[in-house]
There are 2 protein chains.
Amino acid sequence: MEYLEGVKKAKTLEIGELLVQAEGTEVKVNGAVHTIRDMGNVAFVILRKRDGLVQCVFEEGVTAFDLKELKEASAVEVLGTIRKEERAAHGIEIRLKEIKVLSEPDEPLPLPISKWKLNTSLEAKLNMRPISLRNVRERAKFKIQEGLVRGFRDFLYEQGFTEIHTPKLGAKSAEGGANLFKLEYFHRPAILQQSPQLYKQMMVGVFDRVFETGPVFRAEKHNTKRHLNEYTSLDFEMGYIDGFEDIMAMETGFLQYTMKLLAKDYQKELDMLGITLPDVSKIPAVRFDKAKEMVAEKYNRTIRNPYDLEPEEEHLIGELFKEDYGADFVFITHYPSKKRPFYAMDDPQDARFTLSFDLLFRGLEITTGGQRIHSYQQLLDKIEAKKMTTEGLEQYLDTFRHGMPPHGGLGIGLERLTMQLISEDNVRETTLFPRDLSRLEP
Amino acid sequence: MEYLEGVKKAKTLEIGELLVQAEGTEVKVNGAVHTIRDMGNVAFVILRKRDGLVQCVFEEGVTAFDLKELKEASAVEVLGTIRKEERAAHGIEIRLKEIKVLSEPDEPLPLPISKWKLNTSLEAKLNMRPISLRNVRERAKFKIQEGLVRGFRDFLYEQGFTEIHTPKLGAKSAEGGANLFKLEYFHRPAILQQSPQLYKQMMVGVFDRVFETGPVFRAEKHNTKRHLNEYTSLDFEMGYIDGFEDIMAMETGFLQYTMKLLAKDYQKELDMLGITLPDVSKIPAVRFDKAKEMVAEKYNRTIRNPYDLEPEEEHLIGELFKEDYGADFVFITHYPSKKRPFYAMDDPQDARFTLSFDLLFRGLEITTGGQRIHSYQQLLDKIEAKKMTTEGLEQYLDTFRHGMPPHGGLGIGLERLTMQLISEDNVRETTLFPRDLSRLEP
């Protein structure tokens, strides 16, 4: 009988391993041929590996291979010796002895991916996503995105949260009927969840603190630079809170933890994109109505609708807080009840407003959160006041009938957070395969 | 201006913190009233917290509260002093001075959740999921499930994998037209992805090694104990492999890492459910045709279809390997080409079989994986041989036309893995909110 006994040491080396080899050591390395620069007697063959680029030197007579047979975008395994070379990436290069081609492309690449900046339209980049992401700077965006999700999870595990997986197919959704994708589920009408809201709340009664990182679906007909019809939502919900300030404090903690993680494990990618991490040691919080006033005053605007925040106002709040307080982030609190869903808790001091907040990052909303109603009767009253029906909410309401602690939570749009962090101006730049009004492929 | 500065130390203590307090220390604790046992002069009020149960002692005259006013399922915050008590959970109890009720239920609980074993039908448990999970053993199943996902991610990060988020809405799916949920996407036909297969393959050309943990959707009309119409798939895909054995080795490594993690961080939950972790130091691998022969011989069965594995045969393979080799896991390799999708690589020595595998855990398939075709021309040939069309696969095929390394990967069904690990007999037991032919709520 044959047995598998776990991961064996590979015979090829990764970049981290190459850097600790003595000069002259013979090494095997694999990778994709990122580019070939033929200088006559010698040629530089740059390999693309998951951790970065490695410069290999092809020398006529030394390397037992015909350079003419080597194509860019081939997957290869090379044998050679390590040499220090300050001008090369990571300060090393490999003098090639042998090249073994593992696979070859059928056609030349349609994009100049080896250029430092891929000056291609967003449209073209998205149409050829699996190719355009081979550019190392394009790829770096998604490594940073990985760091954001890791930070979210690792911080919350530390804080006693349990990870949950809630269904995306359902009979009914959290926020009512609008903007839902509908489908047929074995001859019954079904929807795709636009948020794990109701599920995470129900699970607070079980685990006290829960989180989920997963896709959400919004059938909104927005065609803007900041909207997607499917995105990754970072959600948490926690019980036994004293107020919605606890939720904002937890989000601040997440950002602090995650910026440290990025600086530790993703500095290479941050440098590639020229990103300086924002200061998150303290984040200002201001009331919704106060923020509107501040913007009206500073920028000489009239307040048209006191119960809504226009995108332009969000942007100006960002500008104001950057200029006057040096802050990249700002919590806007006490959103009007009219603009919040039925489960949002009204401010007992003034029921026109809620105990809720948005977090703006450089003038863009990246989080909505707040305290939720935990009393069964209050929920019923709110549903009635909003002229909604309890149909489809039976089990949700039943959970509250049988006792729920004071609680609250939030949802963060991962792609938007990434976009603002790396100063992109379109959320599609930070989405692997965006879904919008016109895009369902690739 | 007010500022948020991160997570503040809570004034209430969690169980880990209670255990390090000196006897007689005054502490504040919050939690749900799990059960009340009134003994006359004293009463035991058991609090349910996220980490377990805490015994509190109510004494007439000492506790400034009327016990009659306390309801099971209330959320409370209590003040009291720590006392060593061997018979209580964790070896401590709290002598109550004060009880503050944070919220109250409107109705008594419909299930006896404080019983050690919740002897309720699966149907009733699922109908009242947010209540039935308040039973600590029911809840423990999902903590263990969390450990499995954590182990998967943490192990793969260590192994140089990048986490990706691929879209669930698409125009076309990986495995062809059958068993897909269909919907309308802004006046265009769309489907829900039954696997991230094509996306993770395309991303191998970018990141070399990728993984994703997310929902997949299967419109299969199976009504069995092991099928769900939506489940969480743990997927990875890796480039520069020497063969599909590298994929099996990586999965073995994941299991080894994760069993250690469970033993370290989830022992409490394992003990609660009486689970002994399986030995994963080595996992046997046997060819598909050989496994069928072994079962036919040992159990005196005739082989009806040499190209398919019946559920009964899977079960018997599990039994055989447990009896004869002491193995809970077994890799079944070289599945027939007829039973594998177009992207599976055929065995060059015998094209009737593929370089692929399933992993059986106690007689149930929990993983399908293998090496994939990386040559553009071979993919075209295989698509033709399978009488499929390339329509909708344009970008996928284009990725291969522009060079892809040899690669392979796998998908693990999270709920099935959990089910087998904790010896449940229905996958719905290990799914928070199952979706099946009849169940779309809660």
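Residues numbered from 1 in each chain as written. Chains lettered and ligands numbered in written order. Predicted model: local features only at pLDDT ≥ 70, side-chain atom pairs only at ≥ 80, totals over all residues. Heavy atoms only, no water.

Looking up chain A in an unreviewed UniProt entry gives the name Aspartate--tRNA ligase, with the organism given as Faecalicatena fissicatena. Recorded under Subcellular location (unreviewed entry), the UniProt text for chain A is reproduced unchanged: "Cytoplasm". In the Sequence similarities (unreviewed entry) part of its UniProt record, chain A is described as follows: "Belongs to the class-II aminoacyl-tRNA synthetase family. Type 2 subfamily." (UniProt positions renumbered as here; feature names shortened; annotations may be inferred.)

A separate point is the overall build of chain A. Regarding its fold elements, chain A presents 12 helices and 19 strands. The principal-axis extents of the C-alpha atoms in chain A amount to approximately 85 × 65 × 40 Å. Taking all 442 residues of chain A together, the buried fraction comes to 62%. Long-range contacts, defined as pairs at least 24 residues apart, comprise 64% of the intrachain contacts of chain A with a sequence gap of at least 6. (Helix = DSSP H or I, 4+ residues; strand = E, 2+ residues; numbered from the N terminus. Buried < 20%, exposed > 50% of the residue type's maximum accessible area, 1.4 Å probe, protein only. Contact = heavy atoms within 4.5 Å.)

Below, the discussion takes up the sheet that holds strand S1 (residues 2-4) of chain A. Read from one edge to the other, the open sheet built from nine strands follows the order S1(A)-S13(B)-S14(B)-S17(B)-S18(B)-S19(B)-S12(B)-S11(B)-S7(B), with strand pairing classed as mixed. The two strands at the open ends of the sheet, each matched to only one other strand, are S1 of chain A together with strand S7 (162-163) of chain B. Packing of helix H8 (residues 288-298) of chain B onto the sheet brings it into contact with strand S13 (283-287) and strand S14 (329-333) of chain B, and relative to S13(B) it is tilted by some 95°. (Pairing = 2+ DSSP bridges. Axes fitted to C-alpha atoms, helices over the stretch in contact; angles between N-to-C directions.)

Below, the discussion takes up the packing of aromatic side chains. Counted under the stated rule, the structure contains 36 aromatic pairs over all chains. Ring centres of A:Tyr185 and B:Phe181 lie 5.3 Å apart, and the angle between their planes is 10°; this geometry places the pair in the stacked category. Remark: B:Phe181 occurs in the loop between strand S8 (169-170) and strand S9 (182-185) and A:Tyr185 occurs in strand S9 (residues 182-185); the pair is interchain, linking two chains. Between A:Phe321 and A:Tyr325 the ring centres are 5.0 Å apart and the planes differ by 25°, which places this aromatic pair in the stacked class. Placement of the pair is A:Phe321 and A:Tyr325 together in helix H9 (residues 311-325), with a separation of four residues, close to one helical turn. (Phe/Tyr/Trp six-rings, centres within 6.5 Å; stacked < 30°, edge-to-face > 60°.)

Turning next to the side chain of A:Asp358. All names here are of chain A. With respect to the element layout, Asp-358 can be found in strand S17 (residues 356-361). For Asp-358, a relative accessible area of 4% gives the class buried. Side chain to side chain, Asp-358 and Thr-368 meet in a polar contact 3.0 Å long. Residue contacts for Asp-358: discarding those within four places in its chain leaves Val-330, Phe-331, Ile-332, Tyr-335, Arg-340, Glu-365, Thr-367 and Thr-368. (Polar contact = N/O pair within 3.5 Å; in protein donor to acceptor, adjacent residues only side chain to side chain.)

Mapped onto the elements of the fold, B:Pro110 is located in the loop between strand S6 (92-103) and helix H2 (122-127). Assessed through its relative accessible area of 39%, B:Pro110 is described here as partly exposed. Residues B:Pro110 and B:Ile131 lie 21 residues apart in sequence; the distance between their C-alpha atoms is 8.1 Å. Setting aside chain neighbours within four positions, we find B:Pro110 in contact with A:His402, B:Met128 and B:Ile131.

Okay, the UniProt feature "binding site: ATP" (unreviewed entry) in chain A next. Here, the residues flagged by UniProt with the feature "binding site: ATP" (unreviewed entry) are A:Arg218, A:Ala219, A:Glu220, A:Arg226, A:His227, A:Leu228, A:Glu365, A:Gly413, A:Leu414, A:Glu415 and A:Arg416. Considering the arrangement of structural elements, one finds A:Ala219 in the loop between strand S11 (209-217) and strand S12 (230-239). Exposure remark for A:Ala219: the relative accessible area of 15% places this residue in the buried category. If we ignore the near neighbours within four places in the chain, the residues touching A:Ala219 are A:Asn179, A:Leu180, A:Phe181, A:Asn229 and B:Phe186. When you line up the elements, A:His227 lands in the loop between S11 and S12. Relative accessible area serves as the criterion here: at 14%, A:His227 is assigned to the buried category.

Per the domain assignment, the segments making up chain A are domain 1 (15-103) and domain 2 (136-430). A separation of 46 Å is found between the C-alpha centroids of domain 1 of chain A and domain 2 of chain A. (Domains from an automatic or database assignment.)

Residues and elements named next belong to chain B. In the sheet, S8 pairs with strand S10 (residues 188-192) via two bridges, with the strands oriented antiparallel. In the sheet register, Leu-169 faces S10, and the bridge partner there is Leu-192. Where S9 lies against S10, four bridges are found, and the strand directions are antiparallel. Each bridged residue has a counterpart across the sheet, and for Tyr-185 the counterpart in S10 is Arg-188.

Glancing now at the interface of chain B and chain A. Across the contact, 123 residues belong to chain B and 123 residues belong to chain A. Overall, the association of chain B and chain A removes approximately 10,200 Å² of surface from exposure, summing both partners, and the carbon and sulfur fraction of that is 61%. Linking chain B with chain A are six salt bridges, by the criterion used here. Among the salt bridges present, the one from A:Glu163 reaches B:Arg153, with a minimum N-O distance of 2.6 Å. Run the count over chain B and chain A and you get 52 residue pairs in polar contact (both at pLDDT 80 or more). (Buried area = accessible area lost by both parts, 1.4 Å probe. Salt bridge = Lys/Arg side-chain N within 4 Å of Asp/Glu carboxyl O.)

Before going further, it helps to spend a moment on the UniProt feature "binding site: L-aspartate" (unreviewed entry) in chain A. All names here are of chain A. As recorded in UniProt, the feature "binding site: L-aspartate" (unreviewed entry) lies at Glu-175, Arg-218, Thr-368 and Arg-372. Excluding anything up to four places from it in sequence, Arg-218 contacts Asn-179, Phe-181, Gln-194, Ser-195, Leu-228, Asn-229 and Tyr-231. In this structure the side chain of Arg-218 is engaged in a polar contact, spanning 2.7 Å, whose partner is the backbone oxygen of Gln-194.

This next bit is on the environment of B:Gly61. For B:Gly61, the location among the structural elements is in the loop between strand S4 (52-59) and strand S5 (75-84). As a C-alpha pair, B:Gly61 and B:Asn41 span 20 residues in sequence and 9.3 Å in three-dimensional space.

Leaving glycine out, the prevailing phi sign among residues is negative, and the prevailing peptide bond configuration is trans. Residue A:Pro442 follows A:Glu441 across a cis peptide bond; omega there is -10°. Its place among the elements puts A:Pro442 in the segment after helix H12 (414-421). Phi at B:His90 takes a positive value of approximately 65°, unusual for a residue other than glycine. Here B:His90 is to be found in the loop between S5 and S6.

The subject of this paragraph is the packing of helix H4 (residues 136-158) of chain A against H12(A). All names here are of chain A. Direction vectors running N to C along H4 and H12 enclose 120°, while the axes themselves pass 10 Å from each other. On the basis of the axis angle, H4 is oblique to H12. Helix-helix and strand crossings are classified by hand; for H4 and H12 the assignment is right-handed. Facing H4, whose interface residues are Lys-141, Ile-144, Gln-145, Leu-148 and Val-149, H12 presents Leu-414, Glu-415, Leu-417, Thr-418 and Leu-421. (Parallel < 35°, antiparallel > 145°, perpendicular 65-115°, else oblique. Left-handed = near helix turned anticlockwise from the far one by under 90°.)

What follows is about the packing of H8(B) against helix H9 (residues 311-325) of chain B. For any two helices packed against each other, one specifies the crossing angle of their axes together with the interaxial distance. Residues and elements named next belong to chain B. Contact geometry of H8 with H9 gives a least axis separation of 10 Å together with a crossing angle of 80°. It follows from the interaxial angle that H8 and H9 lie roughly perpendicular. For the pair H8 and H9, contact is made by Ala-291, Lys-292, Met-294, Val-295 and Lys-298 and by Glu-313, Leu-316, Ile-317, Leu-320, Phe-321, Glu-323, Asp-324 and Tyr-325, respectively. The residue inventory of the contact of H8 with H9, partitioned by class, reads eight nonpolar, no polar and five charged. (Nonpolar A, V, L, I, M, F, W, Y, C, P; charged D, E, K, R; others polar.)

Right, let's talk about the side chain of A:His227 for a bit. Residue and element names in this part refer to chain A. Within the structure, His-227 has its side chain in polar contact with the side chain of His-222 (distance 3.3 Å). Within the local environment of His-227, its side chain forms a polar contact with the side chain of Thr-224, the two groups lying 2.8 Å apart. Sequence-distant contacts of His-227, defined by excluding residues within four places in its chain, comprise Glu-220, His-222, Arg-416, Val-427 and Arg-428.

What follows is about the pattern of salt bridges. Residues and elements named next belong to chain A. Taken as a whole and assessed by the stated rule, the structure comprises 84 salt bridges over all chains. One salt bridge in this structure joins Glu-17 and Lys-9, with 2.9 Å as the shortest N-O distance. Its relative accessible area of 27% is what places Glu-17 among the partly exposed residues. On the basis of relative accessible area, Lys-9 is assigned to the exposed category, the value being 64%. With a shortest N-O distance of 3.1 Å, Lys-141 and Glu-424 are connected by a salt bridge. Placement of the pair is Lys-141 in helix H4 and Glu-424 in the segment after H12, with a sequence separation of 283 residues. When its relative accessible area of 4% is taken as the criterion, Lys-141 is described as buried. Connected via shared salt-bridge partners are Lys-125, Glu-138, Lys-141, Glu-424 and Glu-429.

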